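# Chain and residue survey
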Amino acid sequence: MLDMDDKIKIFKALGNETRFKIFKNIFTGGYACSIDDKQPKDDIIAQATCVTSIAEHFDFALPTISRHLKELKDAKIITMTKSKNKIYIEPNIETMKEIAGCFETLVKEYEAGMMFQYDNTK
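Definitions and cut-offs
Residues numbered from 1 in each chain as written. Predicted model: local features only at pLDDT ≥ 70, side-chain atom pairs only at ≥ 80, totals over all residues. Heavy atoms only, no water. Pairing = 2+ DSSP bridges. Helix = DSSP H or I, 4+ residues; strand = E, 2+ residues; numbered from the N terminus. Contact = heavy atoms within 4.5 Å. Axes fitted to C-alpha atoms, helices over the stretch in contact; angles between N-to-C directions. Buried < 20%, exposed > 50% of the residue type's maximum accessible area, 1.4 Å probe, protein only. Arc of directions from axis to C-beta. Polar contact = N/O pair within 3.5 Å; in protein donor to acceptor, adjacent residues only side chain to side chain. Patch = residues over 30% accessible without salt bridge, like charges linked within 9 Å, V, L, I, M, F, W, Y side chains within 5 Å. Areas by Shrake-Rupley, 256 points an atom, 1.4 Å probe, with all protein chains shown as cover. Salt bridge = Lys/Arg side-chain N within 4 Å of Asp/Glu carboxyl O. pLDDT = per-residue confidence, 0-100.

### A short note on the sheet that holds strand β3 (residues 86-91)
- Ordered by their spatial adjacency, three strands build an open sheet running β1-β3-β2, and the pairing between neighbours is antiparallel. The open sheet is flanked by β1 (49-50) and β2 (78-83), the only strands paired with a single partner.
- Sheet analysis places β1 next to β3, joined by two bridges and oriented antiparallel. The residue of β3 that forms the bridge with Cys50 is Tyr88.
- With respect to the sheet, helix α2 (residues 17-28) is in contact with β1, β2 and β3, its orientation differing from that of β3 by roughly 85°.

### Section: helix α1 (residues 4-14)
- For α1, the complete set of buried residues consists of Asp6, Ile10, Ala13 and Leu14. Down the axis of α1, the sector holding all buried residues measures 90°, keeping them to one side. With respect to the buried face of α1, the exposed residues turned more than 90 degrees away are Met4, Asp5 and Lys12.
- For α1, the side-chain oxygen to backbone nitrogen distance between the N-cap and Asp5 is 3.1 Å, and the N-cap itself is Asp3.

### Quick notes on a nonpolar patch on the surface
- Among the surface-exposed residues, Phe11, Phe103 and Leu106 lie close enough to one another that they form a single nonpolar patch of about 300 Å² accessible area.
- Of note, Phe11 is situated in helix α1.
- According to the relative accessible area criterion, Phe11 is partly exposed, its value standing at 41%.

### Looking at the pairing of β2
- Note: β2 against β3, six bridges, orientation antiparallel. Bridging across to β3, Lys82 finds its partner in Ile87.

### A few points about the confidence of the model for the protein
- Looking at the protein, the pLDDT average stands at 82 and 80% of residues meet or exceed 70.
- Within the model, the stretch residues 35-44 combines pLDDT values under 50 with six contacts to residues more than four positions away or in other chains.

As structure tokens, this is what we get:
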């Protein structure tokens, strides 16, 4: 369960345009990671991508992309799995579901409050 500090960390991480773009593309599968078919397949889901694939889409050095990814990981909105010489990245679906649930609750509470205000104006 995310506490208030966790939620703030998520919004701060996504408040940076580059991190938001990276996350959006990780979440929507916008990056493809070339996996060497000669090596045995690891237990990594097909949607996972790797750091070098992300870096190819930006005019930043790999260490800069890695720092952005660390912020996203620290905010618990992505997971990173190291396998051999690559780091595979995927969205943390459970965290995203929880954040989505927070927004859903806010909208319901807002709408309930609006209905209450509307009923009291009659």
